[in-house]
Amino acid sequence: RRRVGLFRRKRSRRTSREKSVRMQGMQSPIMVMNTNTKRESGRKAQMNNIAAAKAVSDIIRTTLGPRSMLKMILDASGGIVLTNDGNAILREIDVTHPAAKSMIELSRTQDEEVGDGTTSVIILAGEILHLSQPFLEKDIHPTVIVRAYMKALDAAVKIIDDLSFPVDIDDREQLMNIVTSCIGTKYTSRFGPLMANLALDAVLCVAVHNPDGSREVDIKKYAKIEKIAGGSIEDCRVLKGVMMNKDVVAPGRMKRRVEKPRVMLLDCSLEYKKGENQTNVEISKEEDWSVLLKMEEEWIQGVCARIASFKPDVVVTEKGLSDLATHYLCKAGIVALRRVRKTDNNRIARATGATIVHRVEEFREEDIGTGAGLFKVEKLGEEYFSFFVDCDEPKACSIILRGASRDVLNEVERNLHDAMGVARNVVHDPRLLPGGGAVEMAVSRAITEEALKIEGVEQWPFKAIGQALEVIPRTLAQNCGANVIRTLTKLRAKHAEVSETGETCTFGIDGNKGTIVDMKELGIWEAYAVKVQSIKTAVESAAMLLRIDDIVSGLSQKGAGGGAGTGTGVAPMAEDNDDDPPEKLGEQ
């Protein structure tokens, strides 16, 4: 009995030791991140990204094509944005999901890069991600899917290169067809060829021929859009020169119309320089004060005499112009404009051939601009505008937009910006592609055939890019009320039939009627740069979002839960935080 009792005591000691060891191994896990941090990882993060991207693309799906719907958005300041431009819509929407923010960034990038295709790129990226979902559910690794997508992108670009054909930049009719097809989906399409003509005139005006034969077109710097409420849309025009919202310095004493003006552009002030900070002057005699004032007057008189010696008709300065300088310039019969914006001054320099000079003492005769045919000041609406027009070789222009209301003018400006972007792309890269979803369907068919040559799992994601491209013709058919399944089946059959003969198929969907038409006969063309950029951006962004497997979102500001931990694996307590704002401390 003693032996049995001893054995039991030993056994109980051993089990208690084992329990303590086991308990040490089962202690609470160490917290690396702050407890306020929200984290999604693995499959859940990928599925949430796909859902967010799909939600963003569904917002603007109905704004594609000539029968597109408009969206009305109330912006932060309480104003109304009425548009069907993808970038303008997404710019006003406030989203919180990081994947949705990434999708909205795509639209902005597309708008800055090529000016058009902002809706297409979002719809295409959303569809590619939507078609990626089944592959993830079948446990195909995202890296394999992305690799297949990149192969499909290379194949698609090669196919588009084969479909494209060159265009003569000097053929205005062909350029008009391209720009008109871009505007055809916009609000301004109801005004006929007016907007297309404005866009073409502006782009061809600012285009500069480089020595290597290429053309440089900078519409952002040298094509200024001026919106003036009132009048009708038909009053919109492109000036062969520059206009700005400025009146002459002395309206009653200076001329408001000068023919063949000699223009002097300055980047310095025509007033006596004041001290940087407080300036103290000690004078011993009363006459010294008069001498000081006289020296200032003599300096200004000397500067004005130097200006008058070059016999300019118009002086434009970016800085101030004193009353005394105005008096001397009026006596010399010179018209003056002051506090002109730097960008406006650069446009005047480019239009008139003048050179902007930083000091009057350095001015030379060759810096005078003589390229303008007329300087005039006119009153439009409630304000005065200065014009430098009828220039010999402007290379800079102003586009005057007139309209019934500010909302209409904003929408016309957005449409004109897209049209100028397309015209600029064609001037840079004069290649065309058929519109109406013809390119997407041709690429889709070619990629499906190419997928049969690929072995292994990559075949299915490769094929999925072809299926995703069909979303463009499908959405065009949906938005004009056609029978989607029947129309797409007919279009597939037509492409298969033409492709067997070895010819390039240019059949697409007429966005107005929902019928299948040859885009060559209909005259609907798209710029090569826009199409390639939208497909590249969509595929690359979808690939980037698929490779995200962890989303960590936490409060990074101090006093809002603590961005960093205490270093002990325990979340910081309220009293550990010394940086709480006063109102928070008061609540405690």
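Note that the structure is predicted; figures quoted are calculated from it, not measured. (Residues numbered from 1 in each chain as written. Predicted model: local features only at pLDDT ≥ 70, side-chain atom pairs only at ≥ 80, totals over all residues. Heavy atoms only, no water.)

Enquirer: What's the story with the pattern of salt bridges in this structure? I'm lost.
Expert: Close approach of charged atoms allows side chains of opposite charge to pair. Here the structure, examined in full by the defined rule, presents 32 salt bridges. For the salt bridge of Arg359 with Glu361, the shortest nitrogen-to-oxygen distance reads 3.9 Å. On the basis of relative accessible area, Arg359 is assigned to the partly exposed category, the value being 46%. The salt bridge involving Lys531 is made with Glu440; its shortest N-O contact spans 2.5 Å. (Salt bridge = Lys/Arg side-chain N within 4 Å of Asp/Glu carboxyl O. Buried < 20%, exposed > 50% of the residue type's maximum accessible area, 1.4 Å probe, protein only.)

Enquirer: Help me out: how do you make sense of empty space enclosed by the protein in this one?
Expert: A probe matching the size of a water molecule, rolled over the atoms, marks out where space remains unfilled. In the structure shown here, the tally under the stated rule is 1 cavity of 30 Å³ or more. Taken as a whole, the largest cavity encloses approximately 30 Å³ of empty space. For the largest cavity, the full set of lining residues is Ser120, Leu124, Glu440, Ile472, Lys531, Ser534 and Ile535. If you list the elements that add at least two residues to the lining of the largest cavity, you get α5 (118-137) and α19 (528-546). For the lining of the largest cavity, the element with the highest residue contribution is α19, accounting for 3 residues. Of the residues belonging to the lining of the largest cavity, the class tally is 3 nonpolar, 2 polar and 2 charged. (1 Å grid on protein atoms, 1.4 Å probe; cavity = no way out; pocket = protein on both sides within 12 Å on 5 of 7 lines; lining within 4 Å. Points joined across faces, edges and corners; volume = space filled by probe spheres on them. Helix = DSSP H or I, 4+ residues; strand = E, 2+ residues; numbered from the N terminus. Nonpolar A, V, L, I, M, F, W, Y, C, P; charged D, E, K, R; others polar.)

Enquirer: What am I meant to see in the side chain of Gln46 here?
Expert: Along the polypeptide, Gln46 turns up in helix α2 (residues 43-60). Accessibility expressed as a relative area gives 8% for Gln46, which makes it buried.

Enquirer: What is the right way to look at the layout of surface pockets in this model?
Expert: Taken as a whole, the largest pocket encloses approximately 820 Å³ of empty space. As for the largest pocket, its lining consists of 41 residues, and the residues nearest its centre are Gly65, Pro66, Ser181, Thr185 and Ile524. The set of elements that each furnish at least two residues to the lining of the largest pocket consists of α5, α7 (172-183), α16 (471-479), α18 (519-522), β21 (525-527) and α19. Top element by residues in the lining of the largest pocket is α7. It accounts for 5 residues. Across the lining of the largest pocket, the residue classes break down as 14 nonpolar, 20 polar and 7 charged. Broken down by secondary-structure element, the contributors of at least two residues to the lining of the second largest pocket are α3 (86-92), α4 (98-113), α9 (219-222), β7 (223-229) and α13 (406-428). The greatest single-element share of the lining of the second largest pocket, amounting to 8 residues, is contributed by α13. Broken down by class, the residue content of the lining of the second largest pocket amounts to 5 nonpolar, 5 polar and 12 charged.

Enquirer: Just to check I follow, could you spell out the sheet that holds strand β12 (residues 314-317) for this structure?
Expert: For sheets, the rule is that strands pair by backbone hydrogen bonds, running either parallel or antiparallel. The strand order β13-β12-β11-β14 describes an open sheet built from 4 strands, whose pairing is parallel. Edge strands, defined here as strands with exactly one partner in the open sheet, are β13 (335-337) and β14 (356-357). One ladder, built from 4 bridges, connects strand β11 (residues 263-266) with β12; its direction is parallel. Bridging from a neighbouring strand, Leu265 pairs with Val316 of β12. (Pairing = 2+ DSSP bridges.)

Enquirer: Help me understand the packing of aromatic side chains in this model?
Expert: Pairs of aromatic rings are described using the distance from one ring centre to the other and the angle between the two planes. A full pass over the atoms with the stated rule returns 3 aromatic pairs. Ring centres of Phe165 and Trp525 lie 5.0 Å apart, and the angle between their planes is 80°; this geometry places the pair in the edge-to-face category. Remark: Trp525 occurs in strand β21 and Phe165 occurs in strand β4 (residues 165-166); sequence separation between them is 360 residues. Here Phe165 falls in the partly exposed class, since its relative accessible area comes to 25%. The interplanar angle of 65° and the centroid separation of 5.1 Å between the aromatic rings of Phe310 and Phe363 together place this pair among those described as edge-to-face. (Phe/Tyr/Trp six-rings, centres within 6.5 Å; stacked < 30°, edge-to-face > 60°.)

Enquirer: Got a minute to help me understand the packing of helix α6 (residues 142-163) against helix α14 (residues 438-451) in this structure?
Expert: One can describe the packing of α6 onto α14 by two numbers: an axis separation of 10 Å at closest approach and a directional angle of 125°. Classified by the angle between their axes, α6 and α14 sit oblique to one another. Seen along the crossing, α6 lies across α14 with a hand that is right-handed. Two secondary-structure elements touch here, α6 through Ala152, Ala156, Ile159, Ile160 and Leu163 and α14 through Val439, Ala442, Val443, Ala446 and Ile447. Among the residues forming the contact of α6 with α14, the class breakdown is 10 nonpolar, no polar and no charged. (Axes fitted to C-alpha atoms, helices over the stretch in contact; angles between N-to-C directions. Parallel < 35°, antiparallel > 145°, perpendicular 65-115°, else oblique. Left-handed = near helix turned anticlockwise from the far one by under 90°. Contact = heavy atoms within 4.5 Å.)

Enquirer: Explanation requested: the side chain of Thr118 in the structure shown.
Expert: Mapped onto the fold, Thr118 is located in helix α5. Thr118 gets classed as buried once you look at its relative accessible area, which sits at 2%.

Enquirer: Which parts of the structure should I look at to understand the sheet that holds strand β18 (residues 431-434)?
Expert: Pairing is antiparallel in the open sheet, where 3 strands are placed in the order β4-β18-β21. For this open sheet the edge positions go to β4 and β21, each flanked by a neighbour on one side alone. Pairing geometry for β18 and β21, over 3 bridges, is antiparallel. Bridged to Leu433 within β21 is Glu526. Packed onto the sheet, α19 meets β18 and β21 and runs at close to 70° relative to β21.

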